[in-house]
Amino acid sequence: MYARDDQTGTCAPLLPVSKRWVTVVMESCVTRKCHAQFGERDRETRLSRERKVRSVPTPPSPLLANVYLHEMDLHWQERYNSMSTRQRERRRKEGKGNVQLVRYADDFLVLTNGPKAEAEALKEEFGDFLQHLELTLSPEKTVITHVNDGFDFLGFHIQRRPKLSEPERKVLYVTPTEKSVERYKEKIRDLLAEPNINVVNKLQAVNRVIRGWARYYQYVQSSWVRQKLDHWTYEAFWKWLHRKKHGGYVGKKELYDKYLTQRNCKGQKTLGYGQVFLARMNDIAFKQYYSPKGGIPNPYLTDDVDLTIAEENPIAQETWNGTSAQNKYAIARQDLLVRLGPTCQMCKQTFLPERLQAHHIQSQKEGGKHGTSNLRLLCHDCHTTTENYGTSRKI
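## Structural notes on the packing of helix 8 (residues 223-243) against helix 9 (residues 252-260)
As a packed pair, helix 8 and helix 9 sit with axes 11 Å apart at the nearest point and diverge in direction by 125°. Taken together, the axis directions place helix 8 and helix 9 in an arrangement best described as oblique. Of the two possible hands of crossing, helix 8 and helix 9 adopt the one that is right-handed. In this structure, helix 8 uses Y234, W238, L241 and H242 to contact helix 9, whose residues at the interface are K252, L255, Y256, Y259 and L260. Class assignment for the residues of the contact of helix 8 with helix 9 results in seven nonpolar, one polar and one charged.

## Some points on the pattern of salt bridges
By the definition in use, this model includes eight salt bridges. Taking the shortest distance from any N to any O, the salt bridge between R103 and D73 comes out at 2.7 Å. With a gap of 30 residues between them, R103 in strand 6 (residues 99-104) and D73 in helix 3 (residues 70-81) connect regions that are remote in the sequence. A single salt-bridge network, built from bridges that share partners, covers K163, E166 and R169.

## Some thoughts on the pairing of strand 6
Here strand 6 pairs with strand 7 (residues 107-112) via six bridges, running antiparallel. Within strand 7, the position partnered with V102 by the bridge is L109. Linking two consecutive strands that pair antiparallel, namely strand 6 and strand 7, is a turn of two residues; a positive phi of about 60° is found at A105 within it.

## Details of the confidence of the model for the protein
Here the protein averages 75 in pLDDT, while 72% of its residues score no lower than 70. Confidence drops under pLDDT 50 across residues 1-56; counting only partners more than four residues distant or on other chains, this segment forms 165 contacts. The low-confidence segment residues 312-317 (pLDDT under 50) makes one contact with residues lying over four places distant or belonging to another chain.

The rules behind these values
- Residues numbered from 1 in each chain as written.
- Predicted model: local features only at pLDDT ≥ 70, side-chain atom pairs only at ≥ 80, totals over all residues.
- Heavy atoms only, no water.
- Axes fitted to C-alpha atoms, helices over the stretch in contact; angles between N-to-C directions.
- Helix = DSSP H or I, 4+ residues; strand = E, 2+ residues; numbered from the N terminus.
- Parallel < 35°, antiparallel > 145°, perpendicular 65-115°, else oblique.
- Left-handed = near helix turned anticlockwise from the far one by under 90°.
- Contact = heavy atoms within 4.5 Å.
- Nonpolar A, V, L, I, M, F, W, Y, C, P; charged D, E, K, R; others polar.
- Salt bridge = Lys/Arg side-chain N within 4 Å of Asp/Glu carboxyl O.
- Pairing = 2+ DSSP bridges.
- pLDDT = per-residue confidence, 0-100.

Set out below in structure tokens:
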């Protein structure tokens, strides 16, 4: 099992579960007292009657969780992970199981190939240890389960079950959880709740969610789920186009001609406008993850690594829903491509759409707007010969 960061695109292994694991202890989401120590109470709001406090997570919380729970990692290392191969084999002959710990911030798994009684003892042991750190396990999210029954962790469902092509053989399947699928649909519904937004902006906003979800599950068995979500998203966006006001009544045929006759880079018919198409999850191919020999090196302990901190844009608190006005230039450029085709209006030659630039006839410094009446499609060579090339203000 692997977790993927939607912002950086990196992927790291989380759960190297093999066939031998029999009993799984899932211990997750420590209680409110623990979260308060991890800094998740940067803002408090009190309800008037019950006087309850509601938490708001803060960015440093996972880092502080890693620092604070490092003591638990050391406890596991000293008691279970420092054993030699011979010691592990001896435990198995004695009917005892070996123990693995998988932790991601304050969510963690304790896995053992011993009997259920040993799993229950491990739950009590780690619970007692956390009490020394003044932390408490969340009762509703701490469960003991068998890997054959399956469990959820960080949006992934892990379960060992018969292989479809070989029913007599059991294999481990890692798939998206049902809650994750529902959260994706809810996010798309929220984005498509407002109909009066430009199609290009809305396509780009929805595509961000589609690609982010697909890349998170790129390394697990998710092709069938992604195929169903592709169909669901297509239908949801088509219904949004029906609700959208197009400056008057527009029938199905007009909508079909304008948005459903588009072709993507593979020549497939899809929803789109100009050169902006509705993304498909199945276009992001499944990848087999291979852990490098010797494990993943720590980048901060490598001599030849460049540790220069690059400038980064802050992560938005909410998903962009397409209402921003900053994309007017891109929208007008797509309108010109649809109306005139990928042809330079000066030299009359045909180019790939991405090689054409929208030139402002009246520069922005002089008050020129991003409308189609003030833009011309030009190739780079023709664009550089214009009088006000390179004088536009930064937007």
